[in-house]
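Structural overview for review
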Amino acid sequence: MDFKLTEEQQMIQDAARDFAENAIMPVAAEFDVSGEFPMETIKAMGELGLMGIEVPEEYGGAGLDAVSYVVAMIEIARADGAHSTIMSVNNTLYCNGILTYGTEQQKQQFVRPVADGSVIGAYALTEPQSGSDASNMRSRAILSEDGSHYIINAKKSWITSGPVAKYLVLFAVTDPDAGGKGVTAFLIDAEQQGFIRGKMEPKLGIRASATCEIELVDYRCPVEHRLGQEGEGFKIAMSVLDVGRIGIASQAVGIAQAAYEASVEYVKERKAFGKEIGAFQMIQAKIADMKTRLEAARLLTFSAACKKQECQQTGERFTVNGSMAKLFASEAAMWITHQAVQIHGGMGYSKEMPIERYFRDAKITEIYEGTSEIQRMVIARMETGLR
Ligand code: CAA
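Let me begin by describing the structure that accompanies this report. Just so you know, these numbers come straight off a predicted model, no measurement behind them.

**So, helix 3 (residues 66-79)**
Helix length check: helix 3 (14 residues) gives 21 Å between terminal C-alpha atoms against 20 Å at 1.5 Å per residue, within 8%. Among the 14 residues of helix 3, 14 are classified as buried, and the element is accordingly described as predominantly covered.

Structure, rendered in structure tokens:
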């Protein structure tokens, strides 16, 4: 097994790191406080190809592979969790689903401008009463009598980039008697009549990634904007999340990496009882365990990306790999950022340093795109066949 990056992967890592350190790191704290959407840096990321890394060049993307996506996500998340959230949803939950299930016309219209960063894409699955139990949705789409369009009435919550998105992949029920098999996916244009942006969510972390409720009231969706077939929506939602979860694992690795690096620097400088605190065994144990968990999380995430690439040839599912990577990396990030706060003491708790932001940002990785409890359920169900 070769863990070396290819020349192309190395290049995207260098470009992402350079941009993250020079354009994102200096403004991350400011955006965290204001909660403002960082449109300027996101647009610049689009120009660098970071908003559609795996999207073929013919549809406006960078045309790179899954490992390139992971290395770039890690670099952006190392600078700021919020930027990496916006990048992740754009790349995977939005672009990936349309690339996999969309028609040529849908790819040209809905992927191209999002992959090149001209506009933002979002994914609307969750509803106020259905988070983990995703198929239990109430949003409804009814085909018009002449079959030309669907009338959609929907209430969606926790929509990442909802306040700024131009296009969304949205899921609604077309056959209420069919359970999960009655869900259909649609491509929605936020500038059309009937699209309403609702309440903004004030959040603990990733504060510059705007989140809001979305409502559709008698929204007319042309039948050509249905993604996949009627009833195929839940499978589309789940298979897209398989890809999304590798992105969240990468985000967790990036945040944990930042917390780890800051901790190593701090224990070499901070003195107590006449010596560097890094010379105390209790701190050494923390550093050793942080490093070990960080590297294990990184390997599991790279391994999931490699499995995804392999599965693109075989058509197999990589659900377990994505879930394992997200589960392990998110819990590692929470633990590592917790240790980082403890190592930094009062400074870890202070807004003068980014440590408390890493801690707040890490928490979401255990929650969105399927909680740790859901990941455990997915892995165990797939491994045992029992439910
Ligand atoms: N790929 C393809 N098909 C899949 C699949 C996958 N990964 N997962 C499930 N399916 C298929 C199943 O094979 C099944 O099909 P058949 O009936 O033909 O066999 C069908 O979908 C239904 O599957 P389940 O019976 O397993 O469905 P379930 O209702 O029991 O739910 C679940 C399974 C794992 C709990 C799922 O609901 C889930 O993942 N929940 C969490 C949802 C989630 O992650 N939400 C996050 C919201 S998005 C977000 O956070 C975005 C953001 O803004 C950042």
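Once the structure has been displayed, the description carries forward.
**Digging into the site of the ligand**
Taken together, the neighbourhood of the ligand is formed by 28 residues, with Ser132, Thr160, Lys181, Asp242 and Glu369 sitting nearest. Separating a nitrogen atom of the ligand from a backbone N or O atom of serine 132 is a distance of 2.8 Å. At 2.9 Å, a side-chain N or O of aspartate 242 approaches a nitrogen atom of the ligand. Against a free-state accessible area of 1100 Å², the protein chains account for coverage of 77% of the ligand. Those elements that place two or more of their residues in the shell around the ligand are helix 4 (81-101), strand 3 (149-160), helix 6 (233-269) and helix 11 (372-384). Split by residue class, the shell around the ligand holds twelve nonpolar, eight polar and eight charged. If you count residues domain by domain, the shell around the ligand takes at least three from each of domain 2 (122-230) and domain 3 (234-384).

**Some thoughts on unusual backbone geometry**
In the Ramachandran plot, aspartate 218 falls in the positive-phi region, its phi being about 45 degrees despite a non-glycine side chain. Along the chain, aspartate 218 turns up in strand 7 (residues 211-222). In this structure, phenylalanine 273 takes a positive phi of about 50 degrees despite not being glycine. With respect to the secondary-structure elements, phenylalanine 273 resides in the loop between strand 9 (271-272) and strand 10 (275-276). Given the relative accessible area of 80%, phenylalanine 273 is considered exposed.

**As for the environment of methionine 347**
You can see methionine 347 is positioned in helix 9 (residues 346-349). Judged by its relative accessible area of 29%, methionine 347 is partly exposed. Residues within four places of methionine 347 in sequence aside, it is in contact with Tyr266, Glu352 and Met353.

**Let's talk about the pattern of salt bridges**
Using the criterion set out here, one finds 20 salt bridges in the structure. Measuring nitrogen to oxygen at the nearest pair gives 2.5 Å for the salt bridge that ties glutamate 54 to lysine 308. Here glutamate 54 is found in the loop between helix 2 (39-47) and helix 3, whereas its partner lysine 308 is found in helix 7 (residues 281-314), with 254 residues between them in sequence. When the shortest N-O distance is used, the salt bridge between arginine 376 and glutamate 331 registers 2.9 Å. Of the two residues, arginine 376 is situated in helix 11 and glutamate 331 in helix 8 (residues 319-344); the sequence distance between them amounts to 45 residues.

What counts and how
- Residues numbered from 1 in each chain as written.
- Predicted model: local features only at pLDDT ≥ 70, side-chain atom pairs only at ≥ 80, totals over all residues.
- Heavy atoms only, no water.
- Helix = DSSP H or I, 4+ residues; strand = E, 2+ residues; numbered from the N terminus.
- Expected span 1.5 Å × (residues − 1).
- Buried < 20%, exposed > 50% of the residue type's maximum accessible area, 1.4 Å probe, protein only.
- Near = heavy atom within 4 Å.
- Polar contact = N/O pair within 3.5 Å; in protein donor to acceptor, adjacent residues only side chain to side chain.
- Areas by Shrake-Rupley, 256 points an atom, 1.4 Å probe, with all protein chains shown as cover.
- Nonpolar A, V, L, I, M, F, W, Y, C, P; charged D, E, K, R; others polar.
- Domains from an automatic or database assignment.
- Contact = heavy atoms within 4.5 Å.
- Salt bridge = Lys/Arg side-chain N within 4 Å of Asp/Glu carboxyl O.

That's the geometry; what it means functionally is another story.
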